[in-house]
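What the coordinates show
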Amino acid sequence: MPSAARTIVIGRSPGDVFAFFANPANDQTWRPHVKEIAAEGPPGAGARIHQVVEGPMGRGIGADIEVTAYDPPTRYAFQVVAGPARPRGEFRFIETATGTEVHFSLAAELGGIKRLLLSGPVQSSMDGEMRALETAKGLLEAG
């Protein structure tokens, strides 16, 4: 099962960090493979987010999201509900003396032929999401 997790500390308050990660309008600033993204209503658990990510040979793949937890400023979670791989993800935010500890995790259950064909590319994509946290950290700390 492809999965990835990473923890970083960002020198901003939990409220600021939660607001950044829970706002889909920010995703294209730190997630380079996102081709388009837009919330389909107000934020909160049950909200849908339309997303297209870059797939093989640059082609767009629909990867719409449903928000499964929206608990400012401590937790934001989601489930991908469209596309060939449908990972679930979670952000947890903990106040520290120097800012906010961000724990980000992703996991996808792939069965049958999908496990054989998609495990490598899905794992690679998840690893890229973890690396992209550095970009988010830089943006938040610069702002």
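Details of the structure are given in the entry above.
Quick look at the structure, then. (Residues numbered from 1 in each chain as written. Predicted model: local features only at pLDDT ≥ 70, side-chain atom pairs only at ≥ 80, totals over all residues. Heavy atoms only, no water.)

1. Focus: the pattern of salt bridges
For clarity, the threshold we go by: A pairing counts as a salt bridge when a side-chain nitrogen of Lys or Arg comes within 4 Å of a carboxyl oxygen of Asp or Glu. Each residue gets one of three labels from its accessible area relative to the maximum for its type: buried under 20%, exposed over 50%, partly exposed in between, using a 1.4 Å probe on protein chains only.
In total, this model carries 9 salt bridges according to the counting rule given. With a closest N to O distance of 2.7 Å, D27 and R31 form a salt bridge. Classification of D27 by relative accessible area gives buried; the value is 8%. A relative accessible area of 8% means that R31 is categorised as buried.

2. Observations concerning the packing of aromatic side chains
To keep it simple, the criterion reads: Between 30 and 60 degrees the pair is tilted, below 30 it is stacked and above 60 it is edge-to-face, where a pair is any two Phe, Tyr or Trp rings, Trp via its six-membered ring, whose centres lie within 6.5 Å.
Inspection of the entire model under this criterion finds 12 aromatic pairs. For the ring pair F20 and F21, a centre distance of 5.3 Å and an interplane angle of 90 degrees mean the geometry is edge-to-face. There is no split in this pair, since F20 and F21 are both buried. Their ring planes at 90 degrees and their centres at 5.2 Å tell us that F21 and W30 sit as a pair that is edge-to-face. An identical accessibility class is assigned to F21 and W30; each is buried. Aromatic ring contacts, followed pair by pair, group F18, F20, F21, W30, Y70, Y76, F78, F91, F93 and F104 into a single cluster.

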